[in-house]
Amino acid sequence: MSPMKSQNVSRVVLASGVGAVLAATALLYLPELLDGGPPRPPSPAERAASAAHAGAPAALPDLVALIGDREEWLRENPDDAPSWAVLGAAYTERGVRLGDARDLSRAGRALDRSLAELPAERGNLDAQLGLGVLAGARGDWKGAKEWGERVRKAAPRRWNTYPLLIDAYNGLGDRPAARKAMERLEELHGGAVVRGRAAQVYRDRGWREDADATALDAAALAATDAERAAAHTRLGQFAWERGEAAEALERYGTALRFVRDHGPALAGRARALAVLGRTDEAQRDWRAALARQPLPEYVLEAGELAESLGLDGDARAAYERLRSGSWASPQAEVVLGLLDADHGAPGAAVARLRAAWAEGRRSVAVADALGWALFRAGEPEKALPYARQAVEEGPRSAPFTYHLGEIERALGRTGRARRHLEEALRIHPAFSPLHAPRAAAALARLGEPDPGVVPEDALSEEDLKRLAASGAREKEEAVPEAAEEQETPKAQRTRKAQGTPEEARAPEEAEASRGTG
């Protein structure tokens, strides 16, 4: 394969915007495919570039081929700033997909080299966007926002800036800005990737029907096997979150027919199999998923399944792997916080998550995890606002709702606790092999409410405001009648004989009228 010139490849992965920098100029670097010469099968690196131009995910082997191609090219052409930007973005994507923090360090060096060869003030937007994507991959949403807004200011119609901005705003807890960025993305670009991104935004807002319909659109528009696998995995995720394990299993199976070792689909199928009682197959799929894509959230889920099955040695090994690893994932802080909160170190979880919150990492996932860690550390009063924020501002999430219910139960808010525990199990009766049974047990301990009695604490804040307003109106309307009931019979007869002030004036006015007539 002759070395390609520098090129850009797009891959939005794990809601982090990873690889979006690579899409903008891919067509410039496919000369063999576009110069009118005799057709031939594209090389793996060329396939990655072609997927990039469409904004689609690249197959992992193609991404690896692109990295090798750019490394070889740059050994002979070290002053090629665009190729350094491509290489940096590709390292970032591979690092997140494989959970390898070493690739993130390589990405930083490559992107810095790109800016050294072509500074930002001379228009090196690719490297700037790449640094934003790298910041997001590390969970540094402030840095991601700063880089993304610089690029947007310089090139407001560059569509592949907006996935990064959506993730950055969500990571900082600025959901209105994220929605505006999504609207702008849809104005600038279409296709499967943007429809998939829109589906995720709808899901995050709790619009389940819209999310599923838009995800189906994305699947219909998918043009490559990698893109189809991503689209059907998203559909599986949505079915799983609705508590529909059998449908999720089918959708994950479809994804795996397109890419047989697709990591997210393997992980999703493992969850569904466990709920359906096929635990041996579930453990097999977890092993395959972790071999393909060892992300911290997968390690935690696999460990908790093992713990639920009484495989304490396997569970301990998973938890130790999490604590000792170096993770290339924007979700690492949340996962490690939940690990410590649930498995022996809630104080450490609080410290970790409070630090993340202070640094501006204020996604609903961080809010939920911090609330849960505070609860597990014995501070339910402090936990409540964070847990409530996660439920009110986040997606319809069984884990979030369960956490809020348990915190309310600890505070003696029995009505609200019952309502939220019931809701968590209604959203997904088997949302976690460890925590769903605990939610059911907590609900059973609360018992049934007294018939005909609605505890005040079971009502939402909005319900209480509406009742207060309604009660005030009823009180005003009832004042004359209540006053009449409190009068003595004599006072009532006197008042009725005298009439109201208006009635007392009426005869005088009538007499005056007759006199003037």
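For the structure, see preceding data.
For clarity, every value in this text was computed on a predicted model and none was experimentally measured.

### What about helix H9 (residues 175-188)?
At step 1: Helix length check: H9, at 14 residues, gives a terminal C-alpha distance of 20 Å against a target of 20 Å (1.5 Å per residue), a fit within 8%.
At step 2: Where H9 is concerned, the buried positions are Arg-175, Ala-177, Ala-178, Ala-181, Met-182, Leu-185 and Leu-188. Buried positions in H9, seen along its axis, are confined to an arc of 150° and lie on one side of it. What points out from H9, more than 90 degrees from its buried face, is the exposed set Lys-180 and Glu-187.

### A few points about the packing of helix H10 (residues 192-204) against helix H12 (residues 225-241)
At step 1: At a closest axis distance of 11 Å, the pairing of H10 and H12 adopts a crossing angle of 15°. Classed by the angle they form, the pair H10 and H12 counts as roughly parallel. Crossing handedness for the pair H10 and H12: left-handed. Touching Ala-192, Val-193, Gly-196, Ala-199, Gln-200 and Arg-203 of H10 are Glu-227, Arg-234, Gln-237, Phe-238 and Glu-241, all from H12.

### Some points on the packing of aromatic side chains
At step 1: In this structure the tally under the stated criterion is six aromatic pairs.
At step 2: When the ring of Trp-357 is compared with that of Tyr-386, the centres are 5.2 Å apart and the planes differ by 90°; the resulting orientation is edge-to-face. Of the two residues, Trp-357 is situated in helix H19 (residues 346-358) and Tyr-386 in helix H21 (residues 380-393); the sequence distance between them amounts to 29 residues.
At step 3: By relative accessible area, Tyr-386 is classed as partly exposed at 21%.
At step 4: In this structure an aromatic cluster arises from ring pairing among Trp-372, Phe-375, Tyr-402 and Phe-431.
At step 5: For Arg-150, the ring lying beneath its charged end belongs to Trp-147, and the centroid distance is 4.5 Å.

### Side note on the pattern of salt bridges
Side chains that differ in sign of charge can pair as their charged atoms come close.
At step 1: Summed over the entire model, instances satisfying the criterion amount to 32 salt bridges.
At step 2: One salt bridge in this structure joins Glu-117 and Arg-113, with 2.9 Å as the shortest N-O distance. One end of the pair, Glu-117, and the other, Arg-113, are both in helix H5 (residues 101-117), four residues apart, so they sit about a helical turn from each other.
At step 3: The exposure class of Glu-117 is partly exposed, given its relative accessible area of 28%.
At step 4: Where Arg-175 meets Glu-393, a salt bridge forms, and the shortest distance between an N and an O atom there is 2.5 Å. Of the two residues, Arg-175 is situated in helix H9 and Glu-393 in helix H21; the sequence distance between them amounts to 218 residues.
At step 5: According to the relative accessible area criterion, Glu-393 is partly exposed, its value standing at 37%.

### Digging into the environment of Ala-302
At step 1: Turning to its location among the elements, Ala-302 is positioned in helix H16 (residues 296-308).
At step 2: Here Ala-302 falls in the buried class, since its relative accessible area comes to 15%.
At step 3: Along the backbone, Ala-302 and Arg-271 are 31 residues apart, and their C-alpha atoms lie at a distance of 9.0 Å.
At step 4: Leave out the neighbours within four places in its chain, and Ala-302 touches Trp-286 and Leu-290.

### Let's talk about the nonpolar core
At step 1: The biggest cluster of nonpolar side chains holds 71 residues, and the ones touching the most others in it are Trp-286, Leu-300, Tyr-319, Leu-322, Tyr-402, Leu-421 and Phe-431.
At step 2: The element contributing the most residues to this core is helix H20 (residues 364-376), with nine residues.
At step 3: In this structure Tyr-402 touches Trp-372, Leu-421, Ala-424, Phe-431, His-435, Arg-438 and Ala-439, once residues within four positions along its chain are discounted.
At step 4: Ranked by size, the runner-up nonpolar core spans 22 residues in total, among them Trp-159, Val-194, Ala-211 and Ala-231.

### Here we look at helix H18 (residues 332-342)
At step 1: With ten of eleven residues buried, H18 lies mostly within the body of the structure.
At step 2: Among the residues making up H18, those that are buried are Ala-332, Val-334, Val-335, Leu-336, Gly-337, Leu-338, Leu-339, Asp-340, Ala-341 and Asp-342.
At step 3: Tucked inside the fold, the buried residues of H18 contact H16, helix H17 (312-324), H19, H20, helix H22 (398-410) and helix H24 (435-446).

Cut-offs applied
Residues numbered from 1 in each chain as written. Predicted model: local features only at pLDDT ≥ 70, side-chain atom pairs only at ≥ 80, totals over all residues. Heavy atoms only, no water. Helix = DSSP H or I, 4+ residues; strand = E, 2+ residues; numbered from the N terminus. Expected span 1.5 Å × (residues − 1). Buried < 20%, exposed > 50% of the residue type's maximum accessible area, 1.4 Å probe, protein only. Arc of directions from axis to C-beta. Axes fitted to C-alpha atoms, helices over the stretch in contact; angles between N-to-C directions. Parallel < 35°, antiparallel > 145°, perpendicular 65-115°, else oblique. Left-handed = near helix turned anticlockwise from the far one by under 90°. Contact = heavy atoms within 4.5 Å. Phe/Tyr/Trp six-rings, centres within 6.5 Å; stacked < 30°, edge-to-face > 60°. Lys NZ or Arg CZ within 6 Å of the ring centre and 35° of its normal. Salt bridge = Lys/Arg side-chain N within 4 Å of Asp/Glu carboxyl O. Core = buried A, V, L, I, M, F, W, Y, C linked by side-chain atoms within 4.5 Å.

Scope: geometric values only; no functional claims are made or implied.
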